[in-house]
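# A closer look at the structure
So the chains spell out like this:
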Protein chains: 2
Amino acid sequence: MLSLVDIRSRIEAGTLTPAGAIQLCREAIAARDPTVRALVSVLAEPVVSEAGPLAGIAVGVKDIIDTADLPTQMGSSIYAGWQPKGDAAVVMRLKALGAVALAKTTTSPFASIDPTGTTNPHDAGHTPGGSSAGSAAAVGAGMLPLALGTQTGGSVIRPASFCGVAAIKPSFRLLPTVGVKTFSWALDTLGLFGAGVRDVAHALALLADRPAIDLRDGEPGSPRIGLVLQDFAGAADRLAMEALDRARRAAESAGATVIDLALPDQLAQAWARHAIIQDFEGRQALAWEYANHREALTERVGRQLDAAQNLSAAQYDDARRHAHHARRALKDLFSDYDALLTYSAPGPAPQGLGSTGDPRFNRLWTLMGVPCVNVPVPGAGLPVGVQVIARFGDDGRALAAARLIEVALSRV
Amino acid sequence: MLSLVDIRSRIEAGTLTPAGAIQLCREAIAARDPTVRALVSVLAEPVVSEAGPLAGIAVGVKDIIDTADLPTQMGSSIYAGWQPKGDAAVVMRLKALGAVALAKTTTSPFASIDPTGTTNPHDAGHTPGGSSAGSAAAVGAGMLPLALGTQTGGSVIRPASFCGVAAIKPSFRLLPTVGVKTFSWALDTLGLFGAGVRDVAHALALLADRPAIDLRDGEPGSPRIGLVLQDFAGAADRLAMEALDRARRAAESAGATVIDLALPDQLAQAWARHAIIQDFEGRQALAWEYANHREALTERVGRQLDAAQNLSAAQYDDARRHAHHARRALKDLFSDYDALLTYSAPGPAPQGLGSTGDPRFNRLWTLMGVPCVNVPVPGAGLPVGVQVIARFGDDGRALAAARLIEVALSRV
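Not measured: the values here are computed from a predicted model.

## Some words on the overall build of chain A
Helix and strand counts for chain A stand at 14 helices and 11 strands. Against the 2.2 N^0.38 benchmark of 22 Å for 412 residues, chain A shows a C-alpha radius of gyration of 20 Å, consistent with a compact globule. Projected onto its principal axes, the C-alpha coordinates of chain A cover approximately 55 × 55 × 40 Å. In chain A, which comprises 412 residues, the proportion classed as buried is 63%. A separation of at least 24 residues holds for 77% of the contacts in chain A among residues at least 6 apart in sequence. For chain A, the accessible surface area stands at approximately 14100 Å², while carbon and sulfur atoms represent 51% of it. Separation between the mean location of the 38 positive side-chain charges and that of the 40 negative ones in chain A comes to 2 Å.

## Remarks on the packing of helix 9 (residues 274–285) of chain B against helix 12 (residues 313–333) of chain B
Residue and element names in this part refer to chain B. Relative to each other, helix 9 and helix 12 sit at 135 degrees, their axes nearing to 9 Å. Comparing the axis directions of helix 9 and helix 12 gives the class oblique. Judged by the sense of rotation from one axis to the other, the crossing of helix 9 with helix 12 is left-handed. Between helix 9, through Ile 276, Ile 277, Phe 280 and Glu 281, and helix 12, the contact on the second element is made entirely by Ala 313, Gln 315, Tyr 316, Ala 319, Arg 320 and Ala 323. Among the residues forming the contact of helix 9 with helix 12, the class breakdown is 7 nonpolar, 1 polar and 2 charged.

## Regarding the relation of the copies chain A and chain B
Note on the copies: chain A fits chain B at an RMSD of 0.0 Å, the axial shift is 0.0 Å, and the rotation between them is 180 degrees. Accordingly, the operation relating the two chain copies is best matched by a two-fold axis. Within chain A, the C-alpha atom positioned nearest to the axis of rotation is that of A:Pro84, 4.4 Å from it. Take the interface residues of chain A: 100% of them recur as interface residues in chain B, which is what a same-surface contact looks like.

## Describing the pairing of strand 10 (residues 372–377) of chain B
Residue and element names in this part refer to chain B. Strand 10 sits mainly inside the fold: 5 of its 6 residues count as buried. In this sheet, strand 10 lies alongside strand 5 (residues 166–169) in antiparallel orientation, the contact comprising 3 bridges. Bridge pairing links Ile 168 to Val 373 in strand 10. Pairing between strand 10 and strand 11 (residues 384–389): 6 bridges, direction antiparallel. What sits directly across from Pro 376, in strand 11, is Gly 385. Connecting strand 10 to the antiparallel partner strand 11 that follows it, the hairpin turn spans 6 residues.

## Describing unusual backbone geometry
Here the amide bond leading from A:Gly130 into A:Ser131 is cis, since omega sits at 0 degrees, within 30 degrees of zero. Topologically, A:Ser131 is positioned in the loop between strand 3 (100–105) and helix 4 (133–140). Residues other than glycine seldom take positive phi values, yet A:Phe110 does so here, at roughly 55 degrees. Mapped onto the fold, A:Phe110 is located in the loop between strand 3 and helix 4. The phi angle at B:Ala111 is positive, at roughly 55 degrees, despite the residue not being glycine. A residue is classified by how much of its surface remains accessible, and B:Ala111, at 11% relative accessible area, is buried.

## Considering the domain arrangement of chain A
All names here are of chain A. Along its sequence, chain A is organised into domain 1 (4–213) and domain 2 (224–269 + 316–411). Computed over C-alpha atoms, the centres of domain 1 and domain 2 are 23 Å apart. Facing 47 residues of domain 1, the contacting portion of domain 2 comprises 43 residues. For the pair domain 1 and domain 2, the two sides together bury roughly 3200 Å², of which 62% comes from carbon and sulfur. In this structure, the connection of domain 1 to domain 2 is made through 0 salt bridges. Taken together, the connections running from domain 1 to domain 2 amount to 20 residue pairs in polar contact (both at pLDDT 80 or more). When residues of the side of domain 1 that touches domain 2 are traced back to their parent elements, those giving at least two are helix 5 (157–163), strand 5 (166–169) and helix 6 (197–207). Ranked by residue count, the leading element in the side of domain 1 that touches domain 2 is helix 5, at 6 residues.

## Overview of the sheet that holds strand 8 (residues 257–260) of chain B
All names here are of chain B. The mixed open sheet is built from 11 strands, whose spatial order is 1-3-2-4-6-5-10-11-9-7-8. The open sheet has two edge strands with one neighbour each: strand 1 (39–42) and strand 8. For this sheet, the mean angle separating the axes of adjacent strands, direction not counted, is 30 degrees.

## A short note on the environment of A:Asp306
Residues and elements named next belong to chain A. Summarising the element assignment, Asp 306 is placed in helix 11 (residues 299–308). The partly exposed category is assigned to Asp 306, whose relative accessible area is 30%. Asp 306 sits 150 residues away from Val 156 along the chain, and the two C-alpha atoms are 26 Å apart. Apart from residues lying up to four places away in sequence, Asp 306 is in contact with Tyr 290 and Arg 294. A polar contact is formed between the side chain of Asp 306 and the side chain of Arg 294, at a distance of 2.8 Å.

## A closer look at the side chain of B:Ser155
All names here are of chain B. As for its placement among the helices and strands, Ser 155 is situated in the loop between strand 4 (146–151) and helix 5 (157–163). At 2.8 Å, the side chain of Ser 155 and the side chain of Ser 131 are in polar contact. Among residues more than four places away in sequence, those in contact with Ser 155 are Lys 62, Ala 111, Gly 130, Ser 131, Ser 132, Thr 150 and Phe 193.

## Section: the pairing of strand 3 (residues 100–105) of chain B
All names here are of chain B. By the criterion of burial, strand 3 is predominantly enclosed, with 6 of the 6 residues buried. Both strand 1 and strand 3 contribute to a ladder of 3 bridges, which runs antiparallel. Paired with Ser 41 across the bridge in strand 3 is Lys 104. Across 5 bridges, the pairing between strand 2 (residues 58–62) and strand 3 is parallel. Paired with Val 61 across the two strands is Lys 104, which belongs to strand 3.

## Here's the deal with the sheet that holds strand 3 of chain A
All names here are of chain A. Reading across from one edge, 1-3-2-4-6-5-10-11-9-7-8 is the order of the 11 strands in this open sheet, with mixed pairing throughout. This sheet does not close on itself; its edge strands, each paired only once, are strand 1 (39–42) and strand 8 (257–260). Averaged over all pairs of adjacent strands, the angle between their axes in this sheet comes to 30 degrees, without regard to strand direction. Two elements, strand 7 (residues 224–227) and strand 9 (residues 339–343), share 3 bridges in a ladder whose sense is parallel. Its bridge partner being in strand 9, Leu 227 is matched across the sheet by Leu 341. In this fold helix 6 packs onto strand 4 (146–151), strand 5, strand 6 (189–194) and strand 10 (372–377), with an angle of close to 135 degrees to the strand it touches most, strand 6.

Calculation criteria
Residues numbered from 1 in each chain as written. Chains lettered and ligands numbered in written order. Predicted model: local features only at pLDDT ≥ 70, side-chain atom pairs only at ≥ 80, totals over all residues. Heavy atoms only, no water. Helix = DSSP H or I, 4+ residues; strand = E, 2+ residues; numbered from the N terminus. Rg over C-alpha atoms; globule rule 2.2 N^0.38 Å. Buried < 20%, exposed > 50% of the residue type's maximum accessible area, 1.4 Å probe, protein only. Contact = heavy atoms within 4.5 Å. Areas by Shrake-Rupley, 256 points an atom, 1.4 Å probe, with all protein chains shown as cover. Lys, Arg positive; Asp, Glu negative; His and termini not counted. Charge placed at Lys NZ, Arg CZ, Asp CG, Glu CD. Axes fitted to C-alpha atoms, helices over the stretch in contact; angles between N-to-C directions. Parallel < 35°, antiparallel > 145°, perpendicular 65-115°, else oblique. Left-handed = near helix turned anticlockwise from the far one by under 90°. Nonpolar A, V, L, I, M, F, W, Y, C, P; charged D, E, K, R; others polar. Least-squares fit on C-alpha atoms with pLDDT ≥ 70 in both. Pairing = 2+ DSSP bridges. Domains from an automatic or database assignment. Buried area = accessible area lost by both parts, 1.4 Å probe. Salt bridge = Lys/Arg side-chain N within 4 Å of Asp/Glu carboxyl O. Polar contact = N/O pair within 3.5 Å; in protein donor to acceptor, adjacent residues only side chain to side chain.

Next comes the structure, spelled out in structure tokens:
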């Protein structure tokens, strides 16, 4: 994979130019994308900035995020060729930092559950996950050092786990969603994919203009970590259980205290209501598409929105109350723990391209708005990751705990 | 003015058809808009629904709200002729209820502070206020029974006060802002203008699909109301003070208990930081326009965004913390009061069209996310209104208290 931090080090050392770094990506795309099919479009002649802390960094932008110089097609024929007027706020921020928004990446239609044509970079017979399929796969295939995704259920952390890349779904609204196609305004969260935890930490610190998020070398590492299985979401596969156990032992070997923890019942209650909030808002956000282009929606999105028409405001308000109570319970819980450690996905990427996998271990944390980091766990077969979670607004702590586990796993 | 409730009664009684009701608006527009200049565009051949609880209701849509069949120009030359692909979520909801989104209404560029060409329907030598200038003026001039505006500082309640119309800025995110041009995602709130409190209550109950918001006749009316002067925002003009006093006495005559109330200091602290949140987010939301079309911005918006470049994430985070503390203090305060009563604006509409007036009595409540209703106070000169406020999520209570005051004022 291409590491953002490594590329920037080479540029700062003068051994690589920004244009040369972009060219590396172009070559990797030419070699890998015919198989991986992660990209919807690539800028032919990008302006490459010589200055800025992300100069030379080519970024993949999920194709529900507006770009002024490439179409934004939402993964849907309804938006075939659609050219937004301006760039999304986060794309403007990337450009201001010197990065190049080089390519648009595949997305499930409207960032929902349908598969894309993208294949898993580790085995083309498996899904890369979704809905941020192209962004996870492009980084996993070594085509790009950074990519933007979004998560409403589990659309960042799950594909990161399947593709063996680091990713962060930051605290809710740390990155602005202006210019990002809405499915659920209470849930939609921009996230980042990178080769390792340092890479996404550095990118997030710059994008959010909060230097404290960045990892500091030599930081003392004895966090108190709660290990949670999310029983309410069902059991994980054996390989995911083994990965979680390896991550636990790695954390302990690095000085962390890991305690088995049962989550308070309010969290299970909120988890069970995630889809009500998502779909009640989704039916409003996609009302124009549903009323005018029902026949052009995929069967799954069509059925999802059909069912959503029956949700009542009372159900929605009740779900929001449960989420509110759960956020308070989680805040209390974090007074005893620096981070939580849990599954990123039920197992490795499922075989075939017919499904993007199951977001059941991700939904709660999206609803809670807390920062979540996927850490790949090295192993023999397809990638499996674990998820590190911190309190709302403490993205730096989630990343520090994730980095501790990542380093410890590399030593095992 | 055209009352939504009256029009619907006539349609339900069979003495007016939906098409006839739309025609009434067309005639009023032909008579009044050459002077008031509230409308940017009008649909030539709207589809008029025969069914639905808002059939026959012509609606004005602020021109920062996407419409699929009329351009959406943001009050800015940058968006001259810009045609969005779809309708905003709230426009789709209006259509689903049978209403006709008949006209786009003038807006300050990007819903900021510049004046539009619109005049006050009560005196063309005065401003109608802003930024929802056209929506307030169109209803005040009797051209439309319902109009949509947005408020980030005071862009619904202030023009409603200046134009002598009822309006509600509902609880934050009760109405979806999907498809509405963003200035500040933490503040931007859709609001409604109508002839009277019953009209906006009925429209909001339908739009939000929450029947409990609608006013019930014969509701017992002895609310406990706190009267607040918002000293931290400076003093109001004599005419605004007199209007507030008349509203107080009217409320008391109708059985309300009105208690003079000093707001806790946390609220003054939050008020002082409103602009930090607004402008820190505004610089991100308008980053594409600022970087690519700086010269086409108005002088005021250009200066506002210039200054915003210097705001730090630390200032923003501090402002959000203050807002969070203030929301808690306000929630506590509402355990003792059903509603608050305060100024809608510092006085009647200022003379001339060079300024849209001052939002200083509105900003706090936008930041708090609580429902605010403007009630016109009958008097001799230009209109003056008062503002009735309830706790977050209790829009029905704000409207009930506002209706009590409206009825009592009509009896004085």
